[in-house]
Amino acid sequence: EPFRDCTAMGRISNSGIQRNGRSALQVTISVSVIGRLIAPCTAAGDNAGRSVRGAVVAKHSQHIGADVNYIAEMAGRFAQFASSHEGAVDASSAAEQARLEEALVSAVSAEDKALIESGVTSSEVSHLEGRDALASMLKLAANIRHAIGAQGSATSCRELSCGENAICQQVQQGVAQCRCVAGYMGDGFVCNPPTSFVEYSLIHPSSGKEELQLADLHVTSLGSSRVAVVYRDISRSNHGYLMVGDAQPLKMSWSAPMLISSQSQVFNPKLVELQGGGGLAIGYRDQNRDGFGILHGVGLSPSEKVEDGKPLKHCVISPPKTFARHQAQSMVLLPLTGSHVVVLFAEHMTGGLASHLLGGAMYGSAVVANVRTDGSLPEMAAKHRFATGPVARLSAAMLSPASFVVAYRRGENDASAPRAEASCMFVQVRDNELVFATQPLSLEPDRTQIWARSVAPISENTFAYTYHSGDEQVTKQAVLRVDPETHQVSLLREPQVIGRGFTPYVGSLSSAGAGDSKQASSLLFTYFTGDSSGNARAQYCRFGSEGESVGCKDMPWSSRELLSVSGARMGDGRAVLVYTDVRGSPYYQLLGLAEPA
């Protein structure tokens, strides 16, 4: 019974250590606090408990400003006390169980037997509670010592309670440590999104072969901790390749690249995971200008192990399916229910009635396709047009499983006509049919030369729209909201400048996904080129549940000048960023987006 308070104390104290971390412990944990933690539990033992408590009081009276070495010493005594009593708890329980079993044999009446059997059960519960209390005491002592940097603080992972976004690692025989998982920074008790970033090579060129030159990288998530990447290999006749990456706790493994199609070149490839799982859709155009829009289905085995540099054994890529002609702009793919996807693209028609128009007829269009994972051709299910006129610079993001927002640049054939170069539109999904809002919203309708852009959800019905204004040479970010009743998009926060200087790319990653946007707050990571040096910069912004900004932090992100950048958030709260520098060398980073509670 006395151990119950110790169990709760151990759990609460361990939780406090996980929240506060090493630096906080060095400042806030006093010897008197350690005394209050140890005293109740050591009192549950015999005179040894009172002697430990007395030592705390005596030592504290001599060292008002005691340092962390003393705290580590007392945590060690605490652990010794708990270890020394494990055997006593087991022996006491065994003796009590033997006494009760003997009494059970001697019992005559059914009522006596029932009472004794109840006592046997209670005795075993008390034994387990005692063991649990001692284990909590050992964990508390190990966590205190480990958090303040004491050597040899834990001999095994069973003695440690690591923080969120951390794991315990047995680094060598008799030495265990808490470590933040890849993508986070901290001491293993508190692991936060990083403020400095670690870069890795995505592909290592084979010995003796020419240097890689990649372009048009794009990444999508695959379940909890995997991603898929497509890219164009300039050094291999502009063919397209697919890779799968597995983000393990402390490292990432990448499969060998797989050729998407030997029949055509691949420009601006995009991919997305099917909502049903087990596969992907890949879209691209086969020429840089005036190309065909192509769609493939890809079947993958979710259980297959990803090994560095080795090809996947279970990967089926369908033959190409043409869905559009005269393609020259990048497309966007989003998942719908089951195995359906929507492809958003810039449509250009030159035949029929369109031949009478200067430059042909142009639209912002969307096709819904049923993409299979068994190697058979994708099937076109529906087609929609959401904008009339030249459309480019498409970006889109799911706001919920049944809705998304699309951002785009719309120009006009007639130079005197009004422009809408920072447009966006809300789209509902009903049984894989698309319902577009009747009126798009245009930010800064009088401004021209609005180029790269990105949209990302930040809370329920709310999203961030980030874009580069070319004539001003600045990157801006606005916050918009979709009215749940009218489905019209309105401006919640005016566009604000977040970066200066030209950037060829803009991207944003949010901790709020399409299925969990009701969370109390979200973290938005936005990346772009932010100064005259051409190096990559990033901004962390926290948003409240109503889409209000509660603080932003700017920081350098990569020391390289980048051309092609893409990011995807995985189900485990981390994100993967893939990119190439101006030489076409590919790299990746892991980025944590979940903050400890």
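Before going into details, it helps to say that this report is about the structure given with it. Computed from a prediction, not measured in an experiment: that's the story for all the values here. (Residues numbered from 1 in each chain as written. Predicted model: local features only at pLDDT ≥ 70, side-chain atom pairs only at ≥ 80, totals over all residues. Heavy atoms only, no water.)

Each helix and strand counted, the protein has 5 helices and 34 strands in total. Buried positions account for 51% of the 597 residues belonging to the protein. For the protein, contacts bridging at least 24 residues in sequence account for 52% of all contacts bridging at least 6. Element-wise, carbon and sulfur atoms account for 49% of the exposed surface of the protein, whose accessible area totals about 26300 Å². (Helix = DSSP H or I, 4+ residues; strand = E, 2+ residues; numbered from the N terminus. Buried < 20%, exposed > 50% of the residue type's maximum accessible area, 1.4 Å probe, protein only. Contact = heavy atoms within 4.5 Å. Areas by Shrake-Rupley, 256 points an atom, 1.4 Å probe, with all protein chains shown as cover.)

Here we take up the environment of Val 229. Mapped onto the elements of the fold, Val 229 is located in strand S7 (residues 226-233). Residue class for Val 229 comes out buried when judged on its relative accessible area of 0%. Spatially, the C-alpha atoms of Val 229 and Leu 242 are 5.7 Å apart, while their sequence positions differ by 13 residues. Once residues within four sequence positions are removed from consideration, Val 229 is found in contact with His 218, Val 219, Tyr 241, Leu 242, Met 243, Trp 254, Leu 271 and Val 578.

Inspection of the secondary structure puts Asn 432 in the loop between strand S22 (420-430) and strand S23 (433-436). At a separation of 3.3 Å, a polar atom in the side chain of Asn 432 contacts the side chain of His 340. Each residue touching Asn 432, except ones within four places of it in the same chain, is listed here: Leu 336, Thr 337, His 340 and Val 368. (Polar contact = N/O pair within 3.5 Å; in protein donor to acceptor, adjacent residues only side chain to side chain.)

Another point: the packing of aromatic side chains. The tally for this structure, following the rule as stated, stands at 13 aromatic pairs. Ring-pair connections join several aromatic residues into one group, and the members of that group are Phe 197, Phe 525, Tyr 527, Tyr 540, Trp 557, Tyr 579 and Tyr 587. Across the ring face of Tyr 363, the terminal group of Arg 385 is positioned such that the distance to the ring centre comes to 4.0 Å. (Phe/Tyr/Trp six-rings, centres within 6.5 Å; stacked < 30°, edge-to-face > 60°. Lys NZ or Arg CZ within 6 Å of the ring centre and 35° of its normal.)

In this section: the sheet that holds strand S27 (residues 474-482). Taken in spatial order, the 4 strands line up as S25-S26-S27-S28 in an open sheet, and their pairing is antiparallel. This sheet does not close on itself; its edge strands, each paired only once, are strand S25 (450-459) and strand S28 (489-500). Taken pair by pair, the neighbouring strands of this sheet meet at an average axis angle of 20°, ignoring direction. Pairing of strand S26 (residues 462-469) with S27 involves 8 bridges; the strand directions are antiparallel. Among the inter-strand pairings, Tyr 465 is bridged to a residue of S27, identified as Ala 478. (Pairing = 2+ DSSP bridges. Axes fitted to C-alpha atoms, helices over the stretch in contact; angles between N-to-C directions.)

Let's shift gears to the state of the cysteines. Counting across every chain of the model gives 4 disulfides. In this model, Cys 157 is linked to Cys 168 through a disulfide, with the two sulfur atoms separated by 2.2 Å. Because the torsion about its S-S bond is -90°, the bridge between Cys 157 and Cys 168 counts as left-handed. Taken together, the positions of Cys 157 in the loop between helix H5 (110-147) and strand S1 (166-172) and Cys 168 in strand S1 put the pair 11 residues apart, joining distant regions of the chain. (Disulfide = S-S within 2.5 Å.)

Now for the environment of Glu 307. Structurally, Glu 307 can be placed in the loop between strand S13 (291-300) and strand S14 (315-317). For Glu 307, a relative accessible area of 35% corresponds to the partly exposed category. For the pair formed by Glu 307 and Ser 253, sequence separation is 54 residues and the distance between their alpha carbons is 6.0 Å. What Glu 307 contacts, discounting residues up to four positions off in sequence, is Trp 254 and Ser 255.

Relative to S28, S27 runs antiparallel, the two being bridged by 8 bridges. Across the sheet, the residue bridging to Val 474 is Arg 500, located in S28. The hairpin turn running from S27 into S28, its antiparallel successor, is 6 residues long, and His 487 in that turn takes a positive phi close to 65°.

Positive phi values are uncommon outside glycine, yet Asn 238 reaches one of about 60°. Tracing the backbone shows Asn 238 in the loop between S7 and strand S8 (239-247). Despite not being glycine, Gln 473 shows a phi value in the positive range, around 60°. Its location among the elements puts Gln 473 in the loop between S26 and S27.

Take the side chain of Ser 261 next. Locating Ser 261 in the fold gives a position in the loop between strand S10 (258-259) and strand S11 (267-273). The class for Ser 261 is buried, based on a relative accessible area of 7%. Here the side chain of Ser 261 touches Gln 263 through a polar contact of 3.2 Å, landing on its backbone nitrogen. Every residue in contact with Ser 261, bar those within four places of it in the chain, is listed here: His 239, Gly 240, Tyr 284 and His 296.

The subject of this paragraph is the sheet that holds strand S16 (residues 332-335). One open sheet holds the 4 strands; their spatial order is S16-S17-S18-S19, and the pairing between them is antiparallel. Single-partner strands in this sheet number two, and they are S16 and strand S19 (379-388). Strand-to-strand twist across the sheet, computed as the mean angle between neighbouring axes with direction ignored, equals 25°.

Attention shifts here to the pairing of strand S2 (residues 175-180). Judged by which residues are buried, S2 turns out to be one-sided: Ala 176, Cys 178 and Cys 180 face inward and are buried, whereas Val 175, Gln 177 and Arg 179, on the alternate face, are not. Alignment of S1 against S2, held across 6 bridges, turns out to be antiparallel. The partner of Cys 168 across the bridge, within S2, is Cys 178. As consecutive antiparallel partners, S1 and S2 are separated by 2 residues, and within that stretch Gly 174 has a phi angle of approximately 85°, a positive value.

Relative to the assigned elements, Gly 544 resides in strand S31 (residues 535-544). On the basis of relative accessible area, Gly 544 is assigned to the buried category, the value being 8%. Considering only alpha carbons, one finds Gly 544 and Ile 458, 86 residues apart in sequence, at a separation of 8.3 Å. Ignoring sequence-local partners within four residues, the contact set of Gly 544 consists of Ser 459, Ala 520, Ser 521 and Val 550.

Counted according to the given criterion, the structure contains 18 salt bridges. The closest approach of N and O atoms between Lys 310 and Glu 307, which form a salt bridge, is 3.6 Å. Among the residues examined, Lys 310 registers a relative accessible area of 44% and is labelled partly exposed. (Salt bridge = Lys/Arg side-chain N within 4 Å of Asp/Glu carboxyl O.)

With 23 residues, the main nonpolar core has Leu 344, Phe 386, Phe 404, Val 406 and Leu 434 as its most contacted residues. For this core, the secondary-structure elements that each account for two or more residues are S16, strand S17 (340-349), strand S18 (361-370), S19, strand S20 (391-400), strand S21 (403-410), S22 and S23. The element that contributes the greatest number of residues to this core is S20, accounting for 4 residues. Once residues within four sequence positions are removed from consideration, Phe 386 is found in contact with Leu 344, Gly 364, Ser 365, Ala 366, Leu 394, Val 406, Tyr 408, Met 425 and Phe 436. (Core = buried A, V, L, I, M, F, W, Y, C linked by side-chain atoms within 4.5 Å.)

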